[in-house]
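The chain contents come next:
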Amino acid sequence: METNDAVCALAALAQESRLAAFRLLVRNAPEGLTPGVIGEQLGLPAPTLSFHLKTLAQAGLVTSVQEGRFLRYRAAMAGINGLIEFLTEDCCGGHPELCLPKGKHT
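Everything numeric in this text was worked out from a predicted model, so none of it was measured.

**Side note on the pairing of strand β1 (residues 62-67)**
Each regular strand displays side chains that alternate between the two surfaces of the sheet.
Part 1 of the argument: Alignment of β1 against strand β2 (residues 70-75), held across six bridges, turns out to be antiparallel. Following the sheet pairing, Ser64 is matched in β2 by Tyr73.

Here it is, written out as structure tokens:
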């Protein structure tokens, strides 16, 4: 991931509703959710949610797929992993295993 891509992803997450939508999609990975379900769970009107999902998609953090009349949004694990790798690539003096979340050490 390039610096500009990381800045775009971080900027997309730096808003409460987008962060909530992103975290909801991560919790519901890999199946994802339709905008109706996301909006209902987050209490967001459709136009507002559409704007936020578009921003997350442009940042490479979510994807969408057409299912008949509906769209299904999913967390883009490759984008998420790319951002995490970017943020931790020089972590801990060459010992990236130390950067794993607590309880995740191998």
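This is not the end of the story, as more comes after the structure.
**Comments concerning the layout of surface pockets**
Empty space among the atoms becomes apparent when a probe as large as a water molecule is rolled across them.
Part 1 of the argument: Within this model, the largest pocket holds a volume of roughly 220 Å³.
Part 2 of the argument: Together, Leu13, Leu19, Phe22, Arg23, Val26, Arg27, Leu61, Met77, Ile80, Asn81, Leu83 and Ile84 line the largest pocket.
Part 3 of the argument: Secondary structure elements with two or more residues in the lining of the largest pocket: α2 (16-27) and α5 (77-88).
Part 4 of the argument: Of the residues assigned to the lining of the largest pocket, the class counts are nine nonpolar, one polar and two charged.

**Examining the environment of Ala9**
Part 1 of the argument: Within the secondary structure, Ala9 sits in helix α1 (residues 3-13).
Part 2 of the argument: Distance in space between the C-alpha atoms of Ala9 and Thr55 is 9.1 Å, their sequence separation being 46 residues.
Part 3 of the argument: Apart from the residues within four sequence positions on either side, Ala9 is in contact with Ala59, Leu61 and Leu83.

**Some remarks on the environment of Ala20**
Part 1 of the argument: Tracing the backbone through its elements, the reader meets Ala20 in helix α2.
Part 2 of the argument: Taking the C-alpha atoms as reference points, Ala20 and Phe86, separated by 66 residues in sequence, lie 22 Å from one another.

**A word on the pattern of salt bridges**
Should their charged atoms come close, side chains of opposite charge can pair.
Part 1 of the argument: Inspection of every chain in the model, using the stated rule, returns two salt bridges.
Part 2 of the argument: For the salt bridge of Glu67 with Arg72, the shortest nitrogen-to-oxygen distance reads 3.0 Å.
Part 3 of the argument: In this structure, the salt-bridge partner of Glu67 is Arg74, at a minimum N-O distance of 3.8 Å.
Part 4 of the argument: Assessed through its relative accessible area of 27%, Arg74 is described here as partly exposed.
Part 5 of the argument: The network of salt bridges with shared partners includes Glu67, Arg72 and Arg74.

**Focus on the side chain of Arg18**
Part 1 of the argument: Topologically, Arg18 is positioned in helix α2.
Part 2 of the argument: As a buried residue without a salt bridge, Arg18 has its nearest oppositely charged side chain in Glu16, at a separation of 11 Å.

**Here we look at the packing of α2 against helix α3 (residues 35-42)**
Part 1 of the argument: Packing of α2 against α3 leaves a shortest axis separation of 11 Å and a crossing angle of 120 degrees. It follows from the interaxial angle that α2 and α3 lie oblique. Our pair here, α2 against α3, has a crossing hand that is right-handed. Of the residues in α3, those in contact with Ser17, Ala20, Ala21, Leu24 and Leu25 of α2 are Ile38, Gln41 and Leu42.
Part 2 of the argument: Looking at the contact of α2 with α3 residue by residue, the classes come out as six nonpolar, two polar and no charged.

Thresholds applied
- Residues numbered from 1 in each chain as written.
- Predicted model: local features only at pLDDT ≥ 70, side-chain atom pairs only at ≥ 80, totals over all residues.
- Heavy atoms only, no water.
- Pairing = 2+ DSSP bridges.
- Helix = DSSP H or I, 4+ residues; strand = E, 2+ residues; numbered from the N terminus.
- 1 Å grid on protein atoms, 1.4 Å probe; cavity = no way out; pocket = protein on both sides within 12 Å on 5 of 7 lines; lining within 4 Å.
- Points joined across faces, edges and corners; volume = space filled by probe spheres on them.
- Nonpolar A, V, L, I, M, F, W, Y, C, P; charged D, E, K, R; others polar.
- Contact = heavy atoms within 4.5 Å.
- Salt bridge = Lys/Arg side-chain N within 4 Å of Asp/Glu carboxyl O.
- Buried < 20%, exposed > 50% of the residue type's maximum accessible area, 1.4 Å probe, protein only.
- Lys, Arg positive; Asp, Glu negative; His and termini not counted.
- Axes fitted to C-alpha atoms, helices over the stretch in contact; angles between N-to-C directions.
- Parallel < 35°, antiparallel > 145°, perpendicular 65-115°, else oblique.
- Left-handed = near helix turned anticlockwise from the far one by under 90°.

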